[in-house]
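Secondary and tertiary structure notes
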Amino acid sequence: GAGVSQSPSNKVTEKGKDVELRCDPISGHTALYWYRQSLGQGLEFLIYFQGNSAPDKSGLPSDRFSAERTGGSVSTLTIQRTQQEDSAVYLCASSLGLQSYQETQYFGPGTRLLVL
Amino acid sequence: QKEVEQNSGPLSVPEGAIASLNCTYSDRGSQSFFWYRQYSGKSPELIMFIYSNGDKEDGRFTAQLNKASQYVSLLIRDSQPSDSATYLCAVRRGGKLIFGQGTELSVKP
């Protein structure tokens, strides 16, 4: 079946512009996660959703970052007034749910963001 | 101290050898542990997970967990050049995964 999909695959923007990144989880997966991977920082958690609610937003680095999920499916991560330090690969993952500590997360291909 | 620590490598092994990748974690209450493989320019792909003390085997891969020592490892038997990648250890905390920095593995033909 189809895996996690993300769009765009690459995004180049100018400092100060807003960007929207989209994630479409695996069909039937109720939990959705956003991570960021940058050189020297490794893979860091941003936010996750269970259904349409976000129980944990602790990883969002500033109030310029926000995310929403509607209909329990597609999610959008928005970065306002982008800065050069926002340049990274933004990865989305999904899992069946959160009921079990055995739940495994499956990653999408990522969106490579470059802020000039 | 980072929550999840791995040797960054690179770890170089000859083809056919056993590669041993190690990971330690700081939260003693952690319940589940994951190994992901990431090829350059690609996203992480799950290799296996473990949540009980001891060994778990899947093909050429064996995960080992020692909760008393807060240590988890991944052994790759009969290493192949196609195993060359970065291996990420992750610990589940709440709903999220906390990742180590990853160990780069290079398998030489």
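So, a few notes on the structure that sits alongside this text.

Quick notes on the rules
Residues numbered from 1 in each chain as written. Chains lettered and ligands numbered in written order. Predicted model: local features only at pLDDT ≥ 70, side-chain atom pairs only at ≥ 80, totals over all residues. Heavy atoms only, no water. Helix = DSSP H or I, 4+ residues; strand = E, 2+ residues; numbered from the N terminus. Rg over C-alpha atoms; globule rule 2.2 N^0.38 Å. Buried < 20%, exposed > 50% of the residue type's maximum accessible area, 1.4 Å probe, protein only. Areas by Shrake-Rupley, 256 points an atom, 1.4 Å probe, with all protein chains shown as cover. Lys, Arg positive; Asp, Glu negative; His and termini not counted. Charge placed at Lys NZ, Arg CZ, Asp CG, Glu CD. Salt bridge = Lys/Arg side-chain N within 4 Å of Asp/Glu carboxyl O.

**What to know about the overall build of chain B**
Helices and strands together make up the secondary structure of chain B, namely zero helices and 11 strands. Element order for chain B, N to C, with α for helix and β for strand: β-β-β-β-β-β-β-β-β-β-β. Whereas a compact globule of 109 residues would reach a radius of gyration of roughly 13 Å, chain B reaches 13 Å, a difference of no more than 12%. Seen through its principal axes, chain B has C-alpha atoms that stretch 40 × 30 × 20 Å. Here chain B holds 109 residues, and 46% of them are scored as buried. Of the roughly 5100 Å² of accessible surface on chain B, a fraction of 45% belongs to carbon and sulfur atoms. Distance between charge centres in chain B, computed from 12 positive and 11 negative side chains, equals 7 Å.

**Some points on the pattern of salt bridges**
Side-chain pairing between opposite charges can occur once the charged atoms of the two side chains come close. Residues and elements named next belong to chain B. Counting across every chain of the model gives seven salt bridges over all chains. E3 is paired through a salt bridge with R93; the nearest N and O atoms lie 2.8 Å apart. Taken together, the residues E3 in the segment before β1 (4-6) and R93 in strand β9 (residues 85-93) connect sequence positions 90 residues apart. With a relative accessible area of 32%, E3 lands in the partly exposed category.

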